[in-house]
Amino acid sequence: MNAETLLNKLKDLSHTFEQEEQNLTQLDRAIGDGDHGVNMLRGFKAVDEKVTGDTVSDVLKSTGMTLMSSVGGASGPLYGFSFVKMAGLDYDEITSDNLLEYINTFKDAVAARGKVTGGEKTMYDVLLKASDHLSNGESLSEDVLQQFAEDTKDLEATKGRAAYFKKDSIGHIDPGAQSMVYVLKALSEDV
């Protein structure tokens, strides 16, 4: 995936988040403060309007800076910081050979910034499983990514706002895990 394709896919996420805003809001209302859909839509509308770049790294960095300045809640800094970190890889294209490196950089950035590990019912759980999946030589499809988000239903939240719900968080998909499905689909589809 070259810079132009990546830019178009990231800009297209504004449409995805427009369609999924209510779903993400419902998920976040169940175990959070109900603003995840609004925040992600605001962030990716800003990406659609402002992000530019001639290289993959430029596009990723511009996306990260835009998300940090426009997404509220914990998601802005987590997604923004992660995109900036991925920009440091400096490949001409995202390919099947380096996708795992991008996903691992994303995963490590979320772990560092969010102080999270696996099994805590966060967006990190999807990244961790996506990394393992790619490490095993398997490709990422939307169905596979969606299953990773569905798997967070069984977890008790121990991080973020959802942690206040303790055992009541079980049975709900983590909203951040769900939004991660859309972001990872954009980064990995057709690679």
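Remember, predicted model here, so these are calculated numbers, not experimental data.

(A) Geometry of the overall build of the protein chain. Looking only at helices and strands, the protein chain has eight helices and zero strands in total. Listed by position from the N terminus, the elements making up the protein chain come as α-α-α-α-α-α-α-α. Relative to its length of 191 residues, the protein chain is compact, with a C-alpha radius of gyration of 15 Å against a globular reference of 16 Å. Each of the three principal axes of the protein chain carries a C-alpha extent, and together these read 45 × 35 × 25 Å. Residues counted as buried form 49% of the 191 residues belonging to the protein chain. Taking the intrachain contacts of the protein chain between residues at least 6 apart in sequence as the baseline, contacts between residues at least 24 apart amount to 64%. As displayed, the protein chain offers around 8,700 Å² of accessible surface, 45% of which is attributable to carbon and sulfur atoms.

(B) Region of interest: helix 1 (residues 3–31). Taking 1.5 Å of rise per residue, 29 residues should cover 42 Å, yet helix 1 covers just 36 Å from first to last C-alpha, more than 12% shy of that figure. The sharpest bend along helix 1 measures roughly 55° and falls at Glu20. One side-chain oxygen at the N-terminal end of helix 1 lies 3.3 Å from the backbone nitrogen of Glu4; it belongs to Asn2.

(C) Local environment of the UniProt feature "domain: DhaL" (unreviewed entry) in the protein chain. Under the UniProt annotation, the feature "domain: DhaL" (unreviewed entry) is placed at residues 4–189. Structurally, residues 4–189 comprises 66% helix and 0% strand, and the distance from its first C-alpha atom to its last is 14 Å.

(D) Looking closely at the layout of surface pockets. Roughly 530 Å³ of volume is contained in the largest pocket. Around the largest pocket sit 24 residues that line it, and Ala74, Ser75, Leu78, Gly160 and Arg161 are the ones nearest its centre. At the level of secondary structure, the elements contributing two or more residues to the lining of the largest pocket comprise helix 1, helix 2 (36–50), helix 4 (75–87), helix 5 (99–114) and helix 8 (175–188). What the second largest pocket holds in volume is close to 160 Å³. Together, Ser96, Leu99, Leu100, Leu134, Gly137, Glu138, Ser139, Leu140, Ser188, Glu189, Asp190 and Val191 line the second largest pocket. A per-class count over the lining of the second largest pocket returns five nonpolar, four polar and three charged.

(E) Structural detail: the packing of aromatic side chains. Evaluation of the coordinates by the stated rule reveals five aromatic pairs. Aromatic pair Tyr91 and Tyr102: ring centres 6.0 Å apart, planes at 55°, arrangement tilted. In this pair, Tyr91 is assigned in the loop between helix 4 and helix 5 and Tyr102 in helix 5, connecting sequence segments eleven residues apart. One aromatic cluster is present, built from ring pairs that chain together Phe17, Phe44 and Tyr182. Stacked on the ring of Phe81, the Lys or Arg Arg113 has its end atom at 5.1 Å from the ring centre.

(F) Local environment of the pattern of salt bridges. Enumeration according to the criterion identifies ten salt bridges in this entry. The partner of Asp108 in a salt bridge is Lys107, and the shortest N-O contact between them spans 3.4 Å. Here Glu156 makes a salt bridge to Lys167, at a shortest N to O gap of 3.1 Å. You can see Glu156 sitting in the loop between helix 7 (142–150) and helix 8 and its partner Lys167 sitting in the loop between helix 7 and helix 8, a full eleven residues away along the chain. Taken together, the shared-partner salt bridges in this structure form one network comprising Lys9, Glu142, Lys185, Glu189 and Asp190.

(G) Fine view of the nonpolar core. Core analysis: the largest hydrophobic core is formed by 51 residues, its most contacted members being Phe83, Phe106, Leu184 and Leu187. Sequence-distant contacts of Phe83, defined by excluding residues within four places in its chain, comprise Leu10, Leu60, Lys61, Thr63, Gly64, Leu67, Phe106, Val183 and Leu187.

(H) Structural detail: unusual backbone geometry. The residue Asp90 is not glycine, and still its phi comes out positive at about 60°. Turning to its location among the elements, Asp90 is positioned in the loop between helix 4 and helix 5. One non-glycine residue, Lys115, lies in positive phi territory at about 50°. Along the chain, Lys115 falls in the loop between helix 5 and helix 6 (123–135).

Rules used throughout
- Residues numbered from 1 in each chain as written.
- Predicted model: local features only at pLDDT ≥ 70, side-chain atom pairs only at ≥ 80, totals over all residues.
- Heavy atoms only, no water.
- Helix = DSSP H or I, 4+ residues; strand = E, 2+ residues; numbered from the N terminus.
- Rg over C-alpha atoms; globule rule 2.2 N^0.38 Å.
- Buried < 20%, exposed > 50% of the residue type's maximum accessible area, 1.4 Å probe, protein only.
- Contact = heavy atoms within 4.5 Å.
- Areas by Shrake-Rupley, 256 points an atom, 1.4 Å probe, with all protein chains shown as cover.
- Expected span 1.5 Å × (residues − 1).
- Bend = angle between axes of the 7 residues up to and from the residue.
- Polar contact = N/O pair within 3.5 Å; in protein donor to acceptor, adjacent residues only side chain to side chain.
- UniProt positions renumbered as here; feature names shortened; annotations may be inferred.
- 1 Å grid on protein atoms, 1.4 Å probe; cavity = no way out; pocket = protein on both sides within 12 Å on 5 of 7 lines; lining within 4 Å.
- Points joined across faces, edges and corners; volume = space filled by probe spheres on them.
- Nonpolar A, V, L, I, M, F, W, Y, C, P; charged D, E, K, R; others polar.
- Phe/Tyr/Trp six-rings, centres within 6.5 Å; stacked < 30°, edge-to-face > 60°.
- Lys NZ or Arg CZ within 6 Å of the ring centre and 35° of its normal.
- Salt bridge = Lys/Arg side-chain N within 4 Å of Asp/Glu carboxyl O.
- Core = buried A, V, L, I, M, F, W, Y, C linked by side-chain atoms within 4.5 Å.

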